[in-house]
Every structure is written in C-alpha cells, then in structure tokens.
Amino acid sequence: MALNSRELSEFVLHILDEKKADDLSCIPVAEKTSLADYFVMASANTPTHVKALADEVIYRLKQDYDIQPLGVEGFETGRWVLVDLGSVIVHIMHKQERSFYNLEKFWEGKEGENLSPLDKKNQADV
C-alpha cells in the first residue's frame, strides 16, 4: 500500500512519538515551496537520541512500507538529522539547534498555523 504525503507524515510522527521524541510538529509547506508537502519536526536531548530517532524512522519505513529515503544528512554529528522522503522532509534536531534555528517560525509564517496530525488526534481524545 502506497502512502500519500499526509499519511506518510502521520506515520513518521507516530514513530517519533513512540521513541519519545520531544516537541513534535508537522508543518504543511506545499503552498510555500516545491521542496515537499510537509516538514516533520522533532527534538531530542542528546546526539545519540537524535541518531536513534533517525535510525528508527528509516528502519520502520523500510520494514513497513518498503520506503527508502532519498537522502539523509547530518547523521555524523547527531545535532540535526534531515531525512528526505520526497513529499515529507523530517528534521530531527538537538534541542539547542531547534531553538536556535526556529524553523517553525520561518515556515509557518504566523502563530497557530501548525497542523500536526498528533495535535489533532490529541484534541479529539479530550
């Protein structure tokens, strides 16, 4: 079964949530760039956790859907790993880098535009 970009972003968020990533978000960027439809963002406290999260995303996508990333950048340092899945780009960042670069502010444009599938799920559960 092939996943559309929304389903792919939701699956990645689910994986990251299971592995205790912090500050999960999903930013729709299709109307702002041709790079991707969604940016998935996650934070971790240590470079080891950043790498483990990236490893798990790559492993589960291959295992469950036979999806290979188009590219992976930053794995060596473990400070900011980018996993390019085509329509979804995953940014797994050390908390310091996440705070410094503040990609959400740049890509969202205004407060409250973040459309994280996990946030919607949690709101529905309340």
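Each remark here, short or long, concerns the structure printed above.
Residues numbered from 1 in each chain as written. Predicted model: local features only at pLDDT ≥ 70, side-chain atom pairs only at ≥ 80, totals over all residues. Heavy atoms only, no water.

A.B. asks: Got a sec to walk through the sheet that holds strand β3 (residues 71-73)? Specific residues and values, please.
C.D. replies: In spatial order, the strands read β1-β2-β5-β4-β3; together these five strands make up an open sheet with mixed pairing. At either end of the open sheet lies a strand with only one pairing partner, and these are β1 (22-28) and β3. Geometrically, the sheet is characterised by an average inter-axis angle of 10° between neighbouring strands, direction not taken into account. Bridge count between strand β2 (residues 38-44) and strand β5 (residues 88-94): seven bridges; the pairing is parallel. Bridge pairing in β5 links Tyr38 to Val88. (Pairing = 2+ DSSP bridges. Helix = DSSP H or I, 4+ residues; strand = E, 2+ residues; numbered from the N terminus. Axes fitted to C-alpha atoms, helices over the stretch in contact; angles between N-to-C directions.)

A.B. asks: Outline the packing of helix α1 (residues 5-18) against helix α2 (residues 47-65), supporting the account with residue identities and numerical values.
C.D. replies: Direction vectors running N to C along α1 and α2 enclose 130°, while the axes themselves pass 10 Å from each other. Judged by the angle between their axes, α1 and α2 are oblique. Considering how the two elements wind past one another, α1 and α2 form a crossing that is right-handed. Between α1, through Leu8, Phe11, Val12, Ile15, Leu16 and Glu18, and α2, the contact on the second element is made entirely by Leu53, Glu56, Val57, Arg60, Leu61, Asp64 and Tyr65. A per-class count over the contact of α1 with α2 returns nine nonpolar, no polar and four charged. (Parallel < 35°, antiparallel > 145°, perpendicular 65-115°, else oblique. Left-handed = near helix turned anticlockwise from the far one by under 90°. Contact = heavy atoms within 4.5 Å. Nonpolar A, V, L, I, M, F, W, Y, C, P; charged D, E, K, R; others polar.)

A.B. asks: Break down the environment of Ile58 for me, with residues and values.
C.D. replies: Inspection of the secondary structure puts Ile58 in helix α2. Judged by relative accessible area, Ile58 falls into the partly exposed class, the value being 22%. When the C-alpha atoms of Ile58 and Val12 are compared, they prove to be 9.4 Å apart, with 46 residues separating the residues in sequence. Excluding its chain neighbours within four sequence positions, the residues that come into contact with Ile58 are Pro69, Val72 and Val83. (Buried < 20%, exposed > 50% of the residue type's maximum accessible area, 1.4 Å probe, protein only.)

A.B. asks: Got a sec to walk through the pairing of β2? Specific residues and values, please.
C.D. replies: Across the seven residues of β2, seven count as buried, placing the element largely inside the fold. Of the two faces of β2, the one lined by Tyr38, Val40, Ala42 and Ala44 and the one lined by Phe39, Met41 and Ser43 are each fully buried.

A.B. asks: I'd like a description of the pattern of salt bridges, backed by residues and values.
C.D. replies: A complete count under the given rule lists six salt bridges for this structure. A cluster of three or more residues bridged by salt bridges with shared partners is formed by Glu18, Arg60 and Asp64. (Salt bridge = Lys/Arg side-chain N within 4 Å of Asp/Glu carboxyl O.)

A.B. asks: Any chance you could break down the nonpolar core for me, citing the residues and the numbers?
C.D. replies: Core analysis: the largest hydrophobic core is formed by 24 residues, its most contacted members being Val12, Leu16, Val40, Leu85 and Val90. Secondary-structure elements contributing two or more residues to this core are α1, β1, β2, α2, β4 (80-84) and β5. Looking at this core element by element, the count peaks at six residues for α1. Discounting residues that sit within four places of it in the chain, Val12 has contacts with Val40, Val57, Leu61, Leu85 and Val90. (Core = buried A, V, L, I, M, F, W, Y, C linked by side-chain atoms within 4.5 Å.)

Honestly, it's all geometry; don't read function into it.
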